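# Structural overview for review
The lines below spell out each chain.
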Amino acid sequence: TSHKPTTSFESYAMVSIRNGSSYRGGSRSPLWLAYLPQIVMLFLVATTCFYSGILVGMKMNAAPSEQSRSTTLSVDEVEAEVLRRLKLQQKEVTSIAVDNSNEKEIKNKDSKKKDDGHDRRFPKTISKIAYGSALISKNDFIQQFDYGIPKPPSKREHETDPGKDDVLLLYGSKKSLPDVSTGIVHTNDGPTPDIPHLTATYATKNCAVMNVIYTDTHGGEDQCMAIVGNYESYHIQRWLRFDGTTVDKSIPLHAVGRGVQSNGQDKFEAPSDSYALQNQALLKTYFDRLEETMAVLKPMAASCAGDDNTVIVMVCNTGQSDLLINFFCSADARGFGDVVRKKLLIFATDEGVLEIAKGLGVNVFYDEKIFEKMPEEEAKRYGDRAFTQMMYAKIVTVQLINRMGYDVLFQDVDLVWYKNPLPFFHDKENPSHNFDILFQDDGARSLRYAPYSANTGFYYVRNNDKTKFLFRSLLFLGDMVLSMTSHQQALAALLDEHSSLTGLRVKTLSGSEFPGGYHYHRKKEIDFMRDIATGKHIPYLLHMSWTTNKANKLLFLKQMGLWYTSEGCESGGAVDLAKDSSGTSLQQKCCSAEALISCHYRDKPSTHACNGQGKNIDVKGKPFW
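Anyway, here's the lowdown on the structure attached to this text. (Residues numbered from 1 in each chain as written. Predicted model: local features only at pLDDT ≥ 70, side-chain atom pairs only at ≥ 80, totals over all residues. Heavy atoms only, no water.)

### Details of the environment of Glu368
- Relative to the assigned elements, Glu368 resides in the loop between strand 9 (363-365) and helix 12 (385-403).
- Taking the C-alpha atoms as reference, Glu368 lies 7.8 Å from Thr349; in sequence the two are 19 residues apart. (Helix = DSSP H or I, 4+ residues; strand = E, 2+ residues; numbered from the N terminus.)

Written as structure tokens, this is what we have:
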């Protein structure tokens, strides 16, 4: 069959009609709108024919009069006029097409925005990360989903946190919504346009997976948060308008490490090669002595562990020995002496502490080759060389006992028990029993301790593969410990990483039950400390952290009624007494059955016996009583 060739106009018409038919079938637009291109084309053809006829007629007028010549347009002028008018017609057609396209775009946006006449809270462009939303009380949420991260230290579990009292929950799909989704997806299908408040249990009942982000504004910074639907990351990427020394809003945002502070300090600078070489030497000593060390330690650890598989570990040098003795004496005076004698394993870093521990009848380990470079004097301040070296020793000791298969209660020497804390950690009915590692709350909320604010002066480690991996990792981060002058910061970084990587369950303990130096020194806690001083509230312990030096630690413990060590056993005096073979035990020489109270600073917490006595230590300090 032969095919009749089609003109360009006919071809255009067919394509347009086909497109128009498709358009009619795909929408509810009026019938005339579907044929608009054909109507416009017919109008253009008719107009062209009309002006072409005028042009032909003008050419047929061969002999016009002089008057008519003066008023008649030339052929070129007529052609120019025809082209001008055709261009105007084309512009009108284009304008109509653009208006029609805009109308369709607006309708398309409306269809994305509304479902059955209800306005969506979020557009469909982010429906896979924000299909709907709900608000949950933060107290309720944290109680239901306890990830171990503490509230502000001045806030008790039931108290509010203005500006951060609610949790914003974003639903990633329709399937994740609770059974009744009124107000969650749409703004105007509930009694108010507000995001609905729900209980944590109900709001999350259909969430098969829930990613939780903890964030803060860091003192009111102009902070924004971007949630990007993409290949997911379990770290927060941090951007800062930072010129190397301070925040500058005139420059672009730059990717920075999480330790960069607005004042220009970077709390997580990579350690230099010199620290790596120092750590290499420490690790060489560790592995060279490991086999012999384990042979000596194993029977000692097994004896301490007993039926509950727990070893209490403390590390001490002669400079801190009076605090060690006071822990032992206070425990004995308060009825915990037998527990301490049986379960405490002291790692002595010098021969002085070795003698003292033997004199007290406590299990002690000392290896002069491992600890030969450890200082005998106490640290003069936080972060000095003696302090840093002792921090490394604390890593090794916990790692060794943990790798043997035992739970570890590690504690510094500058604390006193009010109650035996071991039953707390062993109680299987306690919600905290589900956590792998539990720390006293340090109280600091600086970037370098985020997010757990773990105080490494008192913590409990349950023995399992996750905690073993944690402390093996920490052992190899010695260069980080040395460069940052403390293992607390290095461990804080690992806790965050391992909780995400291996599912390590980390818990920061309640400050009201396990208070420390933050509570002792902060004015906001004065009523709380008065309750402790008067016996109205009895915590498990008081840890004298957040204190500049050992001398002040002793004075604060003495005026709190927590000092049980005789003056002759202070400042290393117990070493010579321990070597004395007169037949009197070191406990008899050093320990008092009653607290040895003395008053020093009236603006610091104390027993009521010190009411008004002493001087101020803080500028503008006010009397505690």
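### Some points on helix 8 (residues 273-305)
- Helix length check: helix 8, at 33 residues, gives a terminal C-alpha distance of 40 Å against a target of 48 Å (1.5 Å per residue), a shortfall beyond 12%.
- Bending of helix 8 peaks at approximately 55 degrees at the position of Leu290.
- Within helix 8, burial applies to Asn279, Leu283, Tyr286, Arg289, Leu290, Thr293, Met294, Leu297, Met300, Ala301, Cys304 and Ala305.
- Directly beyond the C-terminal end of helix 8, a positive phi value near 60 degrees is found at Gly306. (Expected span 1.5 Å × (residues − 1). Bend = angle between axes of the 7 residues up to and from the residue. Buried < 20%, exposed > 50% of the residue type's maximum accessible area, 1.4 Å probe, protein only.)

### Here's the deal with the packing of aromatic side chains
- Counted according to the given criterion, the structure contains 21 aromatic pairs.
- For the pair Phe424 and Phe425, a centre-to-centre distance of 5.2 Å together with 90 degrees between the ring planes defines the contact as edge-to-face.
- You can call Phe424 buried: its relative accessible area is 16%.
- In this structure Phe425 comes out as buried when scored by relative accessible area, which is 1%. (Phe/Tyr/Trp six-rings, centres within 6.5 Å; stacked < 30°, edge-to-face > 60°.)

### Quick word on helix 16 (residues 487-501)
- With 15 residues, helix 16 extends 20 Å from end C-alpha to end C-alpha; this agrees with the ideal 21 Å at 1.5 Å per step.
- Within helix 16, 11 of the 15 residues are buried, which leaves it mostly tucked inside the rest of the structure.
- Phi for Gly503, located one or two positions after helix 16, is positive at around 80 degrees.

### Structural notes on empty space enclosed by the protein
- Counted by the stated rule, this structure contains 3 cavities of 30 Å³ or more.
- Roughly 70 Å³ of volume is contained in the largest cavity.
- Taken together, His519, Tyr520, His521, Arg522, Lys523, Glu525, Ile526, Met529, Asp603, Lys604, Pro605 and Phe624 form the lining of the largest cavity.
- Secondary-structure elements contributing two or more residues to the lining of the largest cavity are helix 17 (517-521) and helix 18 (526-534).
- Of all the elements, helix 17 adds the most residues to the lining of the largest cavity, at 3 residues.
- Its residues placed into classes, the lining of the largest cavity shows 5 nonpolar, 2 polar and 5 charged.
- Of the pockets and cavities examined, the second largest cavity occupies roughly 50 Å³.
- In terms of residue count, the dominant contributor to the lining of the second largest cavity is helix 8 (4 residues).
- Partitioning the lining of the second largest cavity into residue classes produces 5 nonpolar, 1 polar and 1 charged. (1 Å grid on protein atoms, 1.4 Å probe; cavity = no way out; pocket = protein on both sides within 12 Å on 5 of 7 lines; lining within 4 Å. Points joined across faces, edges and corners; volume = space filled by probe spheres on them. Nonpolar A, V, L, I, M, F, W, Y, C, P; charged D, E, K, R; others polar.)

### Considerations on the pairing of strand 12 (residues 437-441)
- Where burial is concerned, most of strand 12 is hidden: 5 out of the 5 residues are buried.
- Where strand 12 meets strand 13 (residues 454-461), 5 bridges bridge the pair, whose relative direction is antiparallel. Within strand 13, the residue paired with Gln440 across the bridge is Asn455.
- Pairing geometry for strand 12 and strand 14 (residues 506-508), over 3 bridges, is parallel. What sits directly across from Ile437, in strand 14, is Val506. (Pairing = 2+ DSSP bridges.)

### Points about the state of the cysteines
- Inspection of the entire model under this criterion finds 3 disulfides.
- The disulfide that involves Cys569 links it to Cys590, with 1.9 Å between the sulfurs. Here the S-S torsion is close to -80 degrees, and the disulfide linking Cys569 with Cys590 is therefore left-handed. With Cys569 in the loop between helix 19 (550-559) and helix 20 (574-579) and Cys590 in helix 21 (residues 586-590), this pair connects stretches of sequence that are 21 residues apart. Each of the two residues, Cys569 as well as Cys590, counts as buried.
- At a sulfur-sulfur separation of 1.9 Å, the disulfide partner of Cys599 is Cys610. One quick way to see it: the torsion about the S-S bond of Cys599 and Cys610 is about -80 degrees, and its sign makes the bridge left-handed. Residue Cys599 is located in the segment after helix 21, and its partner Cys610 is located in the segment after helix 21; the two are separated by 11 residues in the primary sequence. (Disulfide = S-S within 2.5 Å.)

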